[in-house]
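# Structural description and commentary
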Amino acid sequence: MRIILQKSSHVTPVARANRGLIAASVAGTIIGAIALLTQPVAVLEKAIPWLLLLATSTLLIPMRPDTAHISPRVEGWAIFGTGLYCGYFGPGQGVMVGATLARDPRRNPGLLNATKNTVVGFTAVVSDIAYAVSGHVHWGFAASLALGAGVGGMYGGRWAQVMSPRFYRGL
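Heads up: these notes are all about the structure in this document. (Residues numbered from 1 in each chain as written. Predicted model: local features only at pLDDT ≥ 70, side-chain atom pairs only at ≥ 80, totals over all residues. Heavy atoms only, no water.)

## As for the packing of aromatic side chains
Two measures describe an aromatic ring pair: the distance that separates the ring centres and the angle between the ring planes. In total, this model carries three aromatic pairs according to the counting rule given. Here the aromatic rings of Trp 77 and Phe 80 are separated by 5.5 Å at their centres, their planes lie at 75°, and the arrangement is edge-to-face. Residue Trp 77 and its partner Phe 80 are both found in helix 5 (residues 72-88); the two are separated by three residues, about one turn of the helix. Here Trp 77 falls in the exposed class, since its relative accessible area comes to 58%. Measuring from centroid to centroid gives 5.8 Å for Tyr 85 and Phe 89, while their planes differ by 90°, and the two rings are edge-to-face. (Phe/Tyr/Trp six-rings, centres within 6.5 Å; stacked < 30°, edge-to-face > 60°. Helix = DSSP H or I, 4+ residues; strand = E, 2+ residues; numbered from the N terminus. Buried < 20%, exposed > 50% of the residue type's maximum accessible area, 1.4 Å probe, protein only.)

This is how it looks when you write it as structure tokens:
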């Protein structure tokens, strides 16, 4: 992972600047995907409501104005946790990564969103590859999800670039 992020001229500066967070998320994703693919479906079915509650509850973590930022180590472990979550389940990782990155008030909304999308993008590619080679994918459903995610990602990213920081943090 490090070699790809350092050598490629096609990788954005955001990806290069956040290669540690990307690596942490990808490592978590690999472990989460292995866990998902080796457990019975019934385990996931029982866990889904709790996983969604976990992802949603990250929005309730208050940002303390008296702290300049969270430590890189804590942020890295939190991002690893979101990767683990993504590899196992997926929906809501962007919310969790955004909530984690928002703990650092030095990040403006545009950079925060770009970092979130980059981390989640790398993580999604890794989990998608793991699922694709597993033989458990229903390709018709996967195609419709890919189309929706692509359109939402394109327009959502553009919208985030023009919204005010106050509005973004209020979300």
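## A few points about the packing of helix 3 (residues 19-38) against helix 5
Between helix 3 and helix 5, the least distance of the axes is 6 Å, while the angle of their chain directions is 35°. Here helix 3 runs over helix 5; the crossing is right-handed. From helix 3, Leu 21, Ala 24, Ser 25, Ala 27, Gly 28, Thr 29, Ile 31, Gly 32, Ala 33, Ala 35 and Leu 36 reach across to helix 5, where they touch Glu 75, Gly 76, Ile 79, Phe 80, Thr 82, Gly 83, Leu 84, Cys 86, Gly 87 and Tyr 88. Residues of the contact of helix 3 with helix 5, tallied by class, amount to 12 nonpolar, eight polar and one charged. (Axes fitted to C-alpha atoms, helices over the stretch in contact; angles between N-to-C directions. Left-handed = near helix turned anticlockwise from the far one by under 90°. Contact = heavy atoms within 4.5 Å. Nonpolar A, V, L, I, M, F, W, Y, C, P; charged D, E, K, R; others polar.)

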